[in-house]
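Coordinate inspection notes
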Amino acid sequence: MASSGYSTPESELESVLPVHSTAARRPYNLVVNSDKTQYTSDHITSTFVNRGAEVTLVDGAVSVTPTATQYEFQTQRNVNRTGLMMIGLGGNNGTTLAATITANRHNIVWHTKGGVQQPNYIGSLLRASTVQIGTEPGTGKEVHVPIADVLPMAMERAQVAPYLAELGAPLPSIYYPDFIAANQEARADNVVPGNDKQAHLEHLRADIRKFKLDNQLSRCVVFWTANTERYSDIIAGVNDTADNLLAAIKSSHAEVSPSTLFAVAAILEGEPFRVIELAERHQPSLAAMTSSLAKPSCKSVFAEFLVNAGIKPLSIASYNHLGNNDGHNLSAERQFKSKEISKSSVVDDMVNANRLLFKAPAADAKKGTKEAKGEHPDPHCRHQRAIDEYYSEIFCGGRSTINIFNECEDSLLATPLILDLTILTELLTRVQYRKTDEKKDFAPLYSVLSLLSYMLKAPLVKPGTEVVNSLNRQRNALESFLKACVGLESNTDLLLDTRIW
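Since this is a predicted model, take the numbers as computed values, not measurements. (Residues numbered from 1 in each chain as written. Predicted model: local features only at pLDDT ≥ 70, side-chain atom pairs only at ≥ 80, totals over all residues. Heavy atoms only, no water.)

**Examining the nonpolar core**
Counted only if it meets this: Only buried residues count toward a nonpolar core, which is a set of Ala, Val, Leu, Ile, Met, Phe, Trp, Tyr and Cys residues joined through side-chain atoms within 4.5 Å. For each residue, the accessible area found with a 1.4 Å probe, counting protein chains only, is set against the maximum for its type, and the residue is called buried under 20%, exposed over 50%, and partly exposed in between. Where helices and strands are cited, they refer to DSSP runs of H or I of at least four residues and of E of at least two residues respectively, numbered from the N terminus.
Formed by 46 residues in total, the largest nonpolar core has its most connected members in Leu151, Leu424, Leu452, Met455, Phe481 and Leu482. If you list the elements that add at least two residues to this core, you get strand 2 (43-58), helix 1 (92-106), helix 2 (125-128), helix 13 (410-428) and helix 14 (471-484). Looking at this core element by element, the count peaks at eight residues for helix 13.

Structural data, given as structure tokens:
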């Protein structure tokens with residue numbers, strides 16, 4: 001079948017339906033006409049003023065001093081040929097991602113009881129949401145473009161979408177029974193043999209090198225989508241520093257988890273994952289902790305709404321009715337505890353921002369959220385159900401209870417986020433910065449890519465800085481950064497022109 005246009009996949013599997021707008025390919029054609037932005041064939045270089053304020057509190061008096069620091073950002077225009085290594089490829093997220101990328105590449109339609117379905121990237125921040133970049137002269141109407149169009153990103157279908165048959169069998173992985181539920185043992189049938197963790201590390205590094213070589217990749221993003229592990233104990237002299245961790249791997253210490261081995265392997269190969277001190281030393285990019293949007297993000301969004309409205313949440317109770325193997329694994333207490341800990345702080349920054357409603361917590365105070373474990377109903381059921389109850393104090397001692405019921409197919413929420421994380425991670429490895437007045441060489445961004453927090457349930461940040469869980473602030477930070485890289489100011493909702501004569 002002949003191709004029907006620029007946005008249409010060239011394949012005998014091509015559908016008669018036009019490509020969905022979120023899946024269409026578009027050339028990069030955003031140009032900023034400003035002395036703050038310079039374009040060459042290799043780079044986009046912009047000037048950005050980071051404005052803030054230093055606040056001093058003395059005896060109840062608040063003294064505010066505005067600050068301004070000028071930076072230059074340099075973004076490599078040539079997108080790296082990028083591959084994605086998914087740990088847990090045979091699971092729900094991995095198989096969904098592989099199938100839906102292929103469906104989008106070939107625009108394959110299918111029938112369900114709801115009618116004809118067409119592939120798309122609904123749920124993707126990059127592909128299905130927009131950013132305001134200015135207004136039309138004369139009319140004053142706001143102009144929005146897809147976020148993916150602000151900077152050159154890895155969006156070519158040919159770069160990320162192999163045929164399913166070409167994927168072959170998943171590579172063998174690392175299995176340490178102590179870190180996941182005992183009921184998973186029967187599924188662990190494709191593992192690297194032995195108990196030597198140093199040998200396992202070298203095996204993983206060799207897999208990464210071979211994957212890059214076989215697919216002629218410049219960049220490889222390693223993504224954990226395997227079972228939830230129990231938390232590893234932080235033990236002085238074992239896994240508290242980069243050198244101690246490397247020594248612990250060499251001695252096959254019991255507290256070195258599979259995910260840690262994958263992280264270290266990725267970092268030593270210069271590819272994105274996590275393990276902060278080691279990443280700082282080798283300077284790859286990393287993002288952590290877990291990606292899961294709908295339920296935790298609902299908590300943070302609704303809690304932020306209540307607090308910003310001057311309402312005081314007293315407790316947030318969650319009940320999860322889990323399907324899939326996820327629920328089977330989390331039926332074990334230690335694995336469920338890992339999930340509970342990761343969710344326990346998702347509203348902390350909203351609470352800490354309002355000392356009118358909330359006193360500073362005592363050092364041993366418990367969190368105000370509680371996760372209730374649901375029974376695992378069916379390992380083949382894709383749907384997961386959650387009920388969140390918000391119990392709040394309102395005017396003059398009144399009480400309010402709000403219940404939110406959520407049902408979803410988690411993998412269909414997670415898959416667009418996996419792609420967003422992969423594409424943005426590759427982009428951020430091409431962005432460098434420097435302070436204008438220092439005139440030093442451009443340097444890479446800090447290894448912990450906290451700009452990816454919007455897509456992560458419990459994000460890590462640069463040590464010594466505060467975690468931001470507010471979804472609105474996370475998205476605004478990413479949007480503002482992308483615009484800064486092309487010399488545009490952050491969005492303002494002041495709309496001053498509409499409020500003056």
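After that view of the structure, there is still more to cover.
**Describing the environment of Val448**
Inspection of the secondary structure puts Val448 in the loop between strand 15 (443-444) and helix 14. Given the relative accessible area of 5%, Val448 is considered buried. Distance from Val448 to Val461, taken between C-alpha atoms, is 6.1 Å for residues 13 residues apart in sequence.

**Overview of the packing of helix 5 (residues 197-214) against helix 6 (residues 242-250)**
To be explicit about the condition: Axes, fitted as lines to C-alpha atoms, cover a helix only where it is in contact. Angles between the N-to-C directions of the axes lie from 0 to 180 degrees. The cut-offs work like this: below 35 degrees is roughly parallel, past 145 is roughly antiparallel, 65 to 115 is roughly perpendicular, and the gaps in between are oblique. Residues are treated as being in contact if the distance between any of their heavy atoms lies within 4.5 Å. All residues other than Ala, Val, Leu, Ile, Met, Phe, Trp, Tyr, Cys, Pro, Asp, Glu, Lys and Arg, Gly among them, are scored as polar; the first ten of these are nonpolar and the last four charged.
Direction vectors running N to C along helix 5 and helix 6 enclose 105°, while the axes themselves pass 6 Å from each other. Judged by the angle between their axes, helix 5 and helix 6 are roughly perpendicular. Contact residues: helix 5 offers Lys197, Gln198 and Leu201, while helix 6 offers Leu246, Ile249 and Lys250. A per-class count over the contact of helix 5 with helix 6 returns three nonpolar, one polar and two charged.

**Quick look at the packing of aromatic side chains**
Stated precisely, the cut-off is as follows: Each aromatic pair joins two rings of Phe, Tyr and Trp (for Trp, the six-membered one) with centres within 6.5 Å, and gets the label stacked for planes under 30 degrees apart, edge-to-face for over 60, and tilted for any other angle.
Counted according to the given criterion, the structure contains six aromatic pairs. Each ring, one from Tyr71 and one from Tyr433, has its centre 6.4 Å from the other, and the planes form 55°; the classification is tilted. Taken as a pair, Tyr71 in strand 3 (residues 61-76) and Tyr433 in strand 14 (residues 431-435) lie far apart in primary sequence, 362 residues in all. Owing to a relative accessible area of 31%, Tyr433 belongs among the partly exposed residues under this scheme. Note on Phe302 and Phe305: the rings are 5.6 Å apart at their centroids and 50° apart in plane angle, and the pair reads as tilted. Residue Phe302 and its partner Phe305 are located together in helix 9 (residues 294-308), separated by three residues, close to a single helical turn.

**Quick look at the pattern of salt bridges**
Note the threshold: A pairing counts as a salt bridge when a side-chain nitrogen of Lys or Arg comes within 4 Å of a carboxyl oxygen of Asp or Glu.
Evaluated as defined, the whole model comprises 12 salt bridges. For Arg430, the salt bridge is made with Glu426, and the minimal N-O distance between the two is 2.7 Å. Residue classification places Glu426 among the buried positions, given a relative accessible area of 0%. A single network of salt bridges, built from pairs that share partners, joins Glu72, Arg434 and Lys439.

**Quick notes on the environment of Tyr39**
Relative to the assigned elements, Tyr39 resides in strand 1 (residues 37-39). Overall, Tyr39 belongs to the partly exposed group, its relative accessible area being 26%. Sequence separation of Tyr39 and Thr75 is 36 residues, and the distance between their C-alpha atoms is 9.9 Å. Ignoring any residue separated from it by four or fewer positions in sequence, one finds Tyr39 in contact with Leu30, Val31, Val32, Ile44 and Arg77.

**Thoughts on the sheet that holds strand 15**
To keep things clear, this is the line we draw: Strands were regarded as paired on the criterion that DSSP finds at least two bridges between them.
Strands sit in the order 1-2-3-14-15 across an open sheet of five strands; the sheet is antiparallel. Only two strands of the sheet have a single neighbouring strand rather than two, namely strand 1 and strand 15. Across 16 bridges, strand 2 lies against strand 3 in antiparallel orientation. The residue bridging Ser46 from the neighbouring strand is Phe73, located in strand 3.

**Some points on the confidence of the model for the protein chain**
What counts, and what does not: Confidence scores here are pLDDT values: one per residue, from the predictor, ranging 0 to 100.
On average, residues of the protein chain score 83 in pLDDT, and 80% of them reach the 70 mark or higher. Across residues 287-295 the pLDDT falls below 50, and counting only partners more than four positions away or on other chains, this stretch makes 41 contacts in the model.

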